[in-house]
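Examining the three-dimensional arrangement
One letter stands for each residue in the lines below.
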Amino acid sequence: MALKQKDLLGLRGLTREEIEEILATAEEMKSILLSKVKKSSHLQGKSVVTLFYENSTRTRFSFEFAAKYLGAHTASVAVSSSSVAKGESLIDTGKTIQSMGVDVIVIRHPMSGAPHLLAKHVSASVINAGDGINEHPTQALLDMFTMKQKKGALDGLKVAIIGDILHSRVARSNIWGLTTMGAEVRVAGPPTLMPPDIEKMGAKVFFKVEEAVRGADVVMGLRLQRERQQKGLLPSLREYTRLFGITEERIRLAKKDALIMHPGPVNRGVEISSNLVDGAQSVINEQVTNGVAIRMALLYLLTRRNHDAVR
């Protein structure tokens, strides 16, 4: 098995069959991840570089562990101490890394479209680990993988995504992926944090959390991305929590077996009640485990294709 594209830049445009292939491969990879000896030779002789222009804990470590568990050589570029700090362009940095024989470049960048630009100038596979407010495809894939493992199927699921939709690349990738897989996606948040074109992507828009959560199979909170926000979008954190926080009372409107999810990091008591984060319905920690499995699957699938055949 292999993916058709050289790169994974987003879920927009990915087919149902391609997503199913990734999720099925992640099932196999999770068995390696949960074994006593987390080691295989699937990526023996391959090399993976993480190139992060933004801070990250879960995503970067997840990719690095995924590559190591599959037997690849790994390296991490610290942008602050690399030639980027001297003014080197993204394209030149990419070409420099490629010249060292790298097979996969995993990139996170504050500018939307940066992974797409890089992919056009290198023969190595490029994986988008988050670009601006555009997409975060591997997060959405691990979210879908978690839902599928817990619910059995994605088709027909009602998924409520609550919070800062405007600045959330996680929300966008989840909308593209989940609607492709037949799920109903509901989004709720303040009007000032809701993109004007979100309904065109296939999501149902609500401005009251209660309406979005009612009857939902999955309730996903989002981090308030204050580093991307302009002043005036929120009156105060207390007001936000009162109107849009995911609380025990609001969760009772969802189905009794509804999953509680969050891409992390969580601002406890702001976006979601601390009791819900640690409660029986929460699968937040399992999302982290599944993130490694999904990234193992992507590294495996992308390095199985013949790059030269499509160049």
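Residues numbered from 1 in each chain as written. Predicted model: local features only at pLDDT ≥ 70, side-chain atom pairs only at ≥ 80, totals over all residues. Heavy atoms only, no water.

- With an unreviewed UniProt entry as reference, the chain is termed Aspartate carbamoyltransferase, source organism Caldicoprobacter faecalis.
- We quote the UniProt Function (unreviewed entry) comment for the chain here in full: "Catalyzes the condensation of carbamoyl phosphate and aspartate to form carbamoyl aspartate and inorganic phosphate, the committed step in the de novo pyrimidine nucleotide biosynthesis pathway."
- The UniProt entry for the chain carries this comment under Sequence similarities (unreviewed entry): "Belongs to the aspartate/ornithine carbamoyltransferase superfamily. ATCase family." (UniProt positions renumbered as here; feature names shortened; annotations may be inferred.)

1. Things to note about the overall build of the chain
- Scanning the chain for helices and strands turns up 11 helices and nine strands.
- For a compact globule of 311 residues, the expected C-alpha radius of gyration is about 19 Å, and the chain comes in at 19 Å, within 12% of that figure.
- A buried classification covers 54% of the 311 residues belonging to the chain.
- Expressed as a percentage of contacts within the chain between residues at least 6 apart in sequence, the contacts between residues at least 24 apart total 75%.
- Here the chain displays about 13,700 Å² of accessible surface, and carbon together with sulfur accounts for 50% of that area.
- Of note, the chain has its 42 positive side-chain charges centred 3 Å away from the centre of its 32 negative side-chain charges. (Helix = DSSP H or I, 4+ residues; strand = E, 2+ residues; numbered from the N terminus. Rg over C-alpha atoms; globule rule 2.2 N^0.38 Å. Buried < 20%, exposed > 50% of the residue type's maximum accessible area, 1.4 Å probe, protein only. Contact = heavy atoms within 4.5 Å. Areas by Shrake-Rupley, 256 points an atom, 1.4 Å probe, with all protein chains shown as cover. Lys, Arg positive; Asp, Glu negative; His and termini not counted. Charge placed at Lys NZ, Arg CZ, Asp CG, Glu CD.)

2. Side note on the environment of Gly10
- With respect to the helices and strands, the residue Gly10 is situated in the segment before α1 (16–33).
- Each C-alpha atom of the pair Gly10 and Ser273 lies 31 Å from the other, and the pair is 263 residues apart in sequence.
- Sequence-distant contacts of Gly10, defined by excluding residues within four places in its chain, comprise Glu135 and Pro137.

3. Regarding unusual backbone geometry
- With omega at -10°, the peptide bond leading from Gly264 into Pro265 counts as cis.
- For Pro265, the location among the structural elements is in the loop between β9 (259–261) and α10 (274–277).

4. Looking at the domain arrangement of the chain
- The assigned domain composition of the chain is domain 1 (16–135 + 289–304) and domain 2 (137–283).
- Summarising the inter-unit geometry, the C-alpha centres of domain 1 and domain 2 are found 26 Å apart.
- Every contact between the two is made by 28 residues of domain 1 and, on the other side, 27 residues of domain 2.
- Summing both partners gives a buried area of about 2,200 Å² for domain 1 against domain 2, and 60% of it is carried by carbon and sulfur. (Domains from an automatic or database assignment. Buried area = accessible area lost by both parts, 1.4 Å probe.)

5. Here we look at the sheet that holds strand β1 (residues 47–52)
- Strand order in the open sheet made by the four strands is β2-β1-β3-β4, with parallel pairing throughout. Whereas interior strands pair on both sides, the edge strands pair on one side only; in this sheet they are β2 (73–78) and β4 (125–131). In this sheet, neighbouring strand axes are inclined to one another by 15° on average, regardless of whether the strands run parallel or antiparallel.
- Pairing of β1 with β2 involves six bridges; the strand directions are parallel. Bridge pairing in β2 links Leu51 to Val77. (Pairing = 2+ DSSP bridges. Axes fitted to C-alpha atoms, helices over the stretch in contact; angles between N-to-C directions.)

6. A few points about the nonpolar core
- Ranked by internal contacts, the top residues of the largest apolar core, which has 64 residues, are Leu141, Met147, Ile161, Val187, Ile294, Met296 and Leu299.
- When residues of this core are assigned to domains, at least three fall in each of domain 1 (16–135 + 289–304) and domain 2 (137–283).
- Setting aside residues no more than four positions away along its own chain, Ile294 makes contact with Ile22, Leu23, Ala26, Thr138, Leu141, Leu142 and Phe145. (Core = buried A, V, L, I, M, F, W, Y, C linked by side-chain atoms within 4.5 Å.)

7. Section: the UniProt feature "binding site: carbamoyl phosphate" (unreviewed entry) in the chain
- Listed under "binding site: carbamoyl phosphate" (unreviewed entry) in the UniProt record, and renumbered for this structure, are Arg58, Thr59, Arg108, His136, Gln139, Gly264 and Pro265.
- Relative to the elements of secondary structure, Arg58 occurs in helix α2 (residues 58–69).
- Apart from residues lying up to four places away in sequence, Arg58 is in contact with Pro263, Gly264, Pro265 and Arg295.
- Note that Thr59 resides in helix α2.

8. A few points about the UniProt feature "binding site: L-aspartate" (unreviewed entry) in the chain
- UniProt's feature table lists "binding site: L-aspartate" (unreviewed entry) at Lys86, Arg169 and Arg223, given in the numbering used throughout.
- Mapped onto the fold, Arg169 is located in helix α6 (residues 169–180).
- You can call Arg169 buried: its relative accessible area is 9%.
- By the secondary structure assignment, Arg223 is in the loop between β8 (218–221) and α8 (237–244).
- Not counting the four nearest positions on each side in its chain, Arg223 is found in contact with Asp164, His262, Pro265, Asn267 and Glu271.

9. Remarks on the packing of α1 against helix α11 (residues 284–302)
- Where α1 meets α11, the closest approach of the two axes is 7 Å, and the angle between their N-to-C directions is 115°. By the criterion of interaxial angle, the relationship of α1 to α11 is roughly perpendicular. In the packing of α1 onto α11, the handedness of the crossing is right-handed. For the pair α1 and α11, the contacting residues are Glu21, Ile22, Leu23, Thr25, Ala26, Met29, Lys30, Ile32 and Leu33 in the first and Glu286, Thr289, Asn290, Val292, Ala293, Ile294, Met296, Ala297, Leu298, Tyr300 and Leu301 in the second.
- Its residues assigned to classes, the contact of α1 with α11 shows 14 nonpolar, three polar and three charged. (Parallel < 35°, antiparallel > 145°, perpendicular 65-115°, else oblique. Left-handed = near helix turned anticlockwise from the far one by under 90°. Nonpolar A, V, L, I, M, F, W, Y, C, P; charged D, E, K, R; others polar.)

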